[in-house]
Amino acid sequence: MRAVVALALLVPVGCSSPAPRPFTPDDLPVGDPSSAQQAVPTPRVETVEVSPGVRVVVEWPAVADRDTTGMIDAFRDYRAGSFKSVVTGGQDTAYLETVQDGASSDAYRWVREFLDQRRSVRGTSRLYALNVVSVTGRGAELHGCVDETGMRLLDAETGKAVRRQPDWTRKPFLQVAGLRRGDDGVWRIKLLRHAELPSERAKGCLR
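As a convention, each chain's residues are numbered from 1 in the sequence order in which they are written. Totals for whole chains, interfaces and linings use every residue, but because this is a predicted model, local features are given only for residues with pLDDT of at least 70 and side-chain atom pairs only at 80 or more, for both listing and counting. With hydrogens and water set aside, each side-chain value is computed from the structure's full complement of heavy atoms.

**Here's the deal with the environment of L197**
Part 1 of the reasoning: The secondary structure listing takes helices from DSSP runs of H or I that are at least 4 residues long and strands from runs of E that are at least 2 residues long, numbered from the N terminus. Relative to the helices and strands, L197 resides in the segment after β6 (187–196).
Part 2 of the reasoning: Only protein chains enter the calculation, and the probe is 1.4 Å; a residue is then buried if its accessible area is under 20% of its type maximum, exposed if over 50%, and partly exposed in between. Residue classification places L197 among the buried residues on the basis of a relative accessible area of 15%.
Part 3 of the reasoning: Separated by 26 residues in the primary sequence, L197 and K171 have C-alpha atoms spaced 7.6 Å apart.
Part 4 of the reasoning: We call two residues contacting when some pair of their heavy atoms lies within 4.5 Å. Ignoring anything within four residues of it in the chain, the contact list for L197 reads K171, P172, A202, K203 and L206.

**Some thoughts on the side chain of R76**
Part 1 of the reasoning: Tracing the chain through its elements places R76 in helix α1 (residues 66–87).
Part 2 of the reasoning: Whenever a nitrogen or oxygen atom comes within 3.5 Å of another N or O atom, the pair is scored as a polar contact, on the condition that within protein one atom can donate a hydrogen and the other can accept it, and that pairs from neighbouring residues in sequence are kept only if both atoms are in side chains. Polar contacts involving the side chain of R76 include one to the side chain of D77, which spans 2.9 Å.

**Considering the packing of aromatic side chains**
Part 1 of the reasoning: Ring pairs are drawn from Phe, Tyr and Trp, using the six-membered ring of Trp, whenever the two centres fall within 6.5 Å, and their geometry is named by plane angle: stacked under 30 degrees, edge-to-face over 60, tilted for the rest. For the coordinates displayed, the defined rule picks out three aromatic pairs.
Part 2 of the reasoning: Ring plane angle 55 degrees and centroid distance 4.6 Å describe the contact between W110 and F114, whose orientation is recorded as tilted. Here W110 and its partner F114 are both found in helix α2 (residues 102–116), four residues apart, which amounts to about one turn of the helix.
Part 3 of the reasoning: Judged by its relative accessible area of 8%, F114 is buried.
Part 4 of the reasoning: Centre to centre, the rings of F114 and W168 are 6.2 Å apart; their planes meet at 55 degrees, and the pair counts as tilted. Residue F114 is located in helix α2, and its partner W168 is located in the loop between β4 (139–155) and β5 (173–181); the two are separated by 54 residues in the primary sequence.
Part 5 of the reasoning: Taken together, the aromatic side chains of F83, W110, F114 and W168 make up a single cluster linked through ring pairs.
Part 6 of the reasoning: The ring of W60 carries R44 above its face, with NZ or CZ at 4.4 Å from the centroid.
Part 7 of the reasoning: To sit over a ring, a charge needs its Lys NZ or Arg CZ within 6 Å of the ring centre and within 35 degrees of the ring normal. In this arrangement the basic side chain of R207 is found over the ring face of Y128, its NZ or CZ atom lying 3.7 Å from the centre.

**Quick word on the confidence of the model for the protein**
Any region with low pLDDT has predicted coordinates that should not be read closely.
Part 1 of the reasoning: For the protein, per-residue confidence averages 85 on the pLDDT scale, and residues scoring 70 or more make up 81% of the total.
Part 2 of the reasoning: A residue's pLDDT is simply how confident the predictor is in it, with values from 0 to 100. At the low end of the mean pLDDT range in the protein sits β6, at 95; at the high end sits strand β2 (residues 54–59), at 98.

**Quick look at the pattern of salt bridges**
Part 1 of the reasoning: Take a side-chain nitrogen of Lys or Arg and a carboxyl oxygen of Asp or Glu: if they are within 4 Å of each other, that pair is a salt bridge. Enumeration according to the criterion identifies 16 salt bridges in this entry.
Part 2 of the reasoning: R76 is the salt-bridge partner of E46, the closest N and O atoms lying 3.1 Å from each other. In this pair, E46 sits in strand β1 (residues 45–51) while R76 sits in helix α1, placing the two residues 30 residues apart along the sequence.
Part 3 of the reasoning: Given a relative accessible area of 19%, E46 falls into the buried group.
Part 4 of the reasoning: For R76, a relative accessible area of 12% puts it in the buried group.

**Concerning the environment of G178**
Part 1 of the reasoning: Within the element layout of this structure, G178 appears in strand β5.
Part 2 of the reasoning: Owing to a relative accessible area of 13%, G178 belongs among the buried residues under this scheme.
Part 3 of the reasoning: Linking G178 and G139, residues 39 residues apart in sequence, is a C-alpha distance of 7.3 Å.
Part 4 of the reasoning: In this view, G178 contacts A140, R188, I189, K190 and L191; residues no more than four positions away in its chain are not counted.

**Things to note about the sheet that holds β1**
Part 1 of the reasoning: A pair of strands is considered paired only if DSSP assigns at least 2 bridges between the two. Spatially, six strands are ordered β1-β2-β3-β4-β5-β6 in an open sheet, and the strand pairing comes out mixed. The open sheet has two edge strands with one neighbour each: β1 and β6. When the angles between neighbouring strand axes are averaged without regard to direction, this sheet yields 25 degrees.
Part 2 of the reasoning: The pairing of β5 with β6 spans nine bridges and is classified as antiparallel. Geometry is summarised by axes, namely lines fitted to C-alpha atoms with helices restricted to the contacting stretch, and by angles between N-to-C directions that run from 0 to 180 degrees.

So, in structure tokens, the structure goes:
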């Protein structure tokens, strides 16, 4: 960029000097968007309506590539689909399409426990701090915080909240999901683990 030297000019008394022309560097054209403050990506919030009175809210990261999006989609669909199966009395089993291997058994047992005890749910489940911590070939590990303090366990026959609410309705926890990308390009959950407070791993889910 060429240096610009400002020269002071003597102006006769009573004469006005012309307005100075704005200086634009040679390497920065007028109106170049880089000269203005760039927009900072912001997280988006997605709400999945599972059924009347039941929803899953997903706080997406500000930036997510194709694979990260596919992993979060799988995690969201698993959580929302599991609740859908519970509130439909086990009739909706689409959640099983989001899991495989050991996660299939775990997911099925989780839903079955609700049905066997004649329980249902109402309220909002929130997923946040979603983070892909490792990717190896077709495998990956996703960490996500789950806050279901806005959920209530119900008696499926009366629709009323049970007197003694479980621990998962009182504090958030960390969900760890091992995933695999299939030949069809779809990410599915193959392993599910979680950490509850006061575990150090779960403390990151406190707000």
